[in-house]
Amino acid sequence: MRFSSGSTESFKDSDNLPEILRVRLVHLYGAIIIGCKRNALLAIVPSAVSDLMGVLSSCCCPDNQEMKDPQLLQLTLKCLTAVIHLLHASSLDQRQVDIRTVLDSYFWVLNSDHLGAGAGEGEARDWEDRLITLRTSMLRAIPEMLNCADRPVLQAIFLNNNCFEHILRLIQNSKVFEKGSDSITVHALRVLTAIMTSSPSAKEVFKERIGYSHLYDVLLSQGQTTRQLLQELMNMVTVLPPGHQ
């Protein structure tokens, strides 16, 4: 059976649908992209990727007061992980979307915080909780994205998308939260470790672009260091070559 890319139009205006229908719609898209590879590649079009990013952004939108179904966020992230894996396993002439384009949008959503502008005090707290949940969930998904065949090539694509700079900016911006900044920082360190694991070039790029002393200074600016944060730093040290610690 041939899957038409026009079927992805069902994503259009999904924000206006009841949440249960949005969950089922993302379920349906996920079923398509984990099925026949040919149909999956036909379904991975720019508009579908854009709509998946829109679903992520809507998870912390203060205009939507409806209680969010946690399934929606997790299903969307699973879909995007599958999208990355499919594109990575396909030749350039089979792709309708470039991996770099997907990652650009992903990191843009990860670092966006303008959605809470103008909210009242109560709404601001709710928005902050949603944003922290969104960011930690998106960070947890990145090591899953990197868990694939030919990992070094995908790591190189992440490097070319300035992933280190995006993650560092996220850590710097997380200190404005009254709570949850440590959780974001811990997950961010796990992402840095995942990107550098078994990749001498990634470790060298991090050393040249960011520097371990600069990372240390940024972490110090976050305030008191927790035990969990220290553990993640130790995990990072174990993947570094001698002379980089």
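Residues numbered from 1 in each chain as written. Predicted model: local features only at pLDDT ≥ 70, side-chain atom pairs only at ≥ 80, totals over all residues. Heavy atoms only, no water.

Some details on helix H12 (residues 227-238)
Over its 12 residues, H12 runs 17 Å from end to end, which matches the ideal 16 Å to within 8%, given 1.5 Å per residue. When we look at burial in H12, the residues that qualify are Leu229, Glu232 and Met236. Buried positions in H12, seen along its axis, are confined to an arc of 60 degrees and lie on one side of it. Turned more than 90 degrees from where H12 packs its buried face, Arg227, Met234 and Thr238 sit exposed. (Helix = DSSP H or I, 4+ residues; strand = E, 2+ residues; numbered from the N terminus. Expected span 1.5 Å × (residues − 1). Buried < 20%, exposed > 50% of the residue type's maximum accessible area, 1.4 Å probe, protein only. Arc of directions from axis to C-beta.)

A short note on the packing of aromatic side chains
Tallied over the full model, the rule gives 4 aromatic pairs. Here the aromatic rings of phenylalanine 107 and phenylalanine 158 are separated by 6.3 Å at their centres, their planes lie at 90 degrees, and the arrangement is edge-to-face. Within this pair, whereas phenylalanine 107 is found in helix H5 (residues 99-111), its partner phenylalanine 158 is found in helix H7 (residues 151-160), the two being separated by 51 residues in sequence. Taken as a pair, phenylalanine 107 and phenylalanine 158 share a single burial class, namely buried. Measuring from ring centre to ring centre gives 5.0 Å for phenylalanine 164 and phenylalanine 206, while their planes differ by 80 degrees; the resulting arrangement is edge-to-face. A residue pair is termed long-range when its members are at least 10 positions apart, and phenylalanine 164 in helix H8 (residues 163-174) and phenylalanine 206 in helix H10 (residues 200-209) qualify at 42 residues. Ring pairs connect the aromatic residues Tyr106, Phe107 and Phe158, which therefore count as one cluster. (Phe/Tyr/Trp six-rings, centres within 6.5 Å; stacked < 30°, edge-to-face > 60°.)

Remarks on the nonpolar core
In terms of nonpolar packing, the biggest core is built from 75 residues, with Ile33, Leu56, Tyr106 and Phe164 touching the most fellow members. By residue number, the principal contributor to this core is helix H4 (residues 70-88), which donates 11 residues. If sequence neighbours within four positions are ignored, leucine 56 has contacts with Leu73, Thr76, Leu77, Leu80, Tyr106, Val109, Leu134 and Met138. (Core = buried A, V, L, I, M, F, W, Y, C linked by side-chain atoms within 4.5 Å. Contact = heavy atoms within 4.5 Å.)

Notes on the packing of H5 against H8
Contact pair H5 / H8: the axes reach a minimum separation of 10 Å and the direction vectors enclose 10 degrees. Looking at the two axes, H5 sits roughly parallel to H8. Across from Phe107, Leu110 and Asn111 in H5, the residues of H8 making contact are Cys163, His166, Ile167, Arg169, Leu170 and Asn173. Across the contact of H5 with H8, the residue classes tally to 5 nonpolar, 3 polar and 1 charged. (Axes fitted to C-alpha atoms, helices over the stretch in contact; angles between N-to-C directions. Parallel < 35°, antiparallel > 145°, perpendicular 65-115°, else oblique. Nonpolar A, V, L, I, M, F, W, Y, C, P; charged D, E, K, R; others polar.)

Focus: the side chain of serine 112
Within the fold, serine 112 resides in the loop between H5 and helix H6 (121-146). Residue serine 112 is classed as buried on the basis of its relative accessible area of 11%. At 2.5 Å, the side chain of serine 112 and the backbone oxygen of tryptophan 108 are in polar contact. Look past the residues within four positions of serine 112 in its chain and what remains in contact with it is Leu131 and Arg135. (Polar contact = N/O pair within 3.5 Å; in protein donor to acceptor, adjacent residues only side chain to side chain.)

Brief notes about helix H11 (residues 212-221)
Restricting attention to buried positions, one finds in H11 the residues Tyr212, Leu215, Val218 and Leu219. For H11, the arc enclosing every buried residue in end-on projection is 115 degrees, short of the 170-degree limit, so these residues lie on one face. Immediately beyond the C-terminal end of H11, within one or two residues, lies glycine 223, with a positive phi of roughly 110 degrees.

What about the environment of aspartate 150?
If you trace the backbone, aspartate 150 turns up in the loop between H6 and H7. Residue classification places aspartate 150 among the partly exposed residues on the basis of a relative accessible area of 47%. Along the primary structure aspartate 150 and histidine 88 are separated by 62 residues, whereas in three dimensions their C-alpha atoms are 8.6 Å apart.

Re the packing of helix H3 (residues 46-58) against H5
At a minimum axis separation of 10 Å, H3 and H5 run at an interaxial angle of 15 degrees. Overall, the two elements H3 and H5 adopt an arrangement that is roughly parallel. Considering only the axes of H3 and H5, their crossing is right-handed. Side by side, H3 and H5 meet where Val49, Met53, Leu56 and Ser57 of the first sit next to Val102, Ser105, Tyr106 and Val109 of the second. Its residues placed into classes, the contact of H3 with H5 shows 6 nonpolar, 2 polar and no charged. (Left-handed = near helix turned anticlockwise from the far one by under 90°.)

Considerations on the confidence of the model for the protein
Summary statistics for the protein give a mean pLDDT of 83 and a share of 80% for residues scoring 70 or more. The secondary-structure element of the protein with the lowest mean pLDDT is H12, recorded at 82, while H5 shows the highest, at 96. (pLDDT = per-residue confidence, 0-100.)

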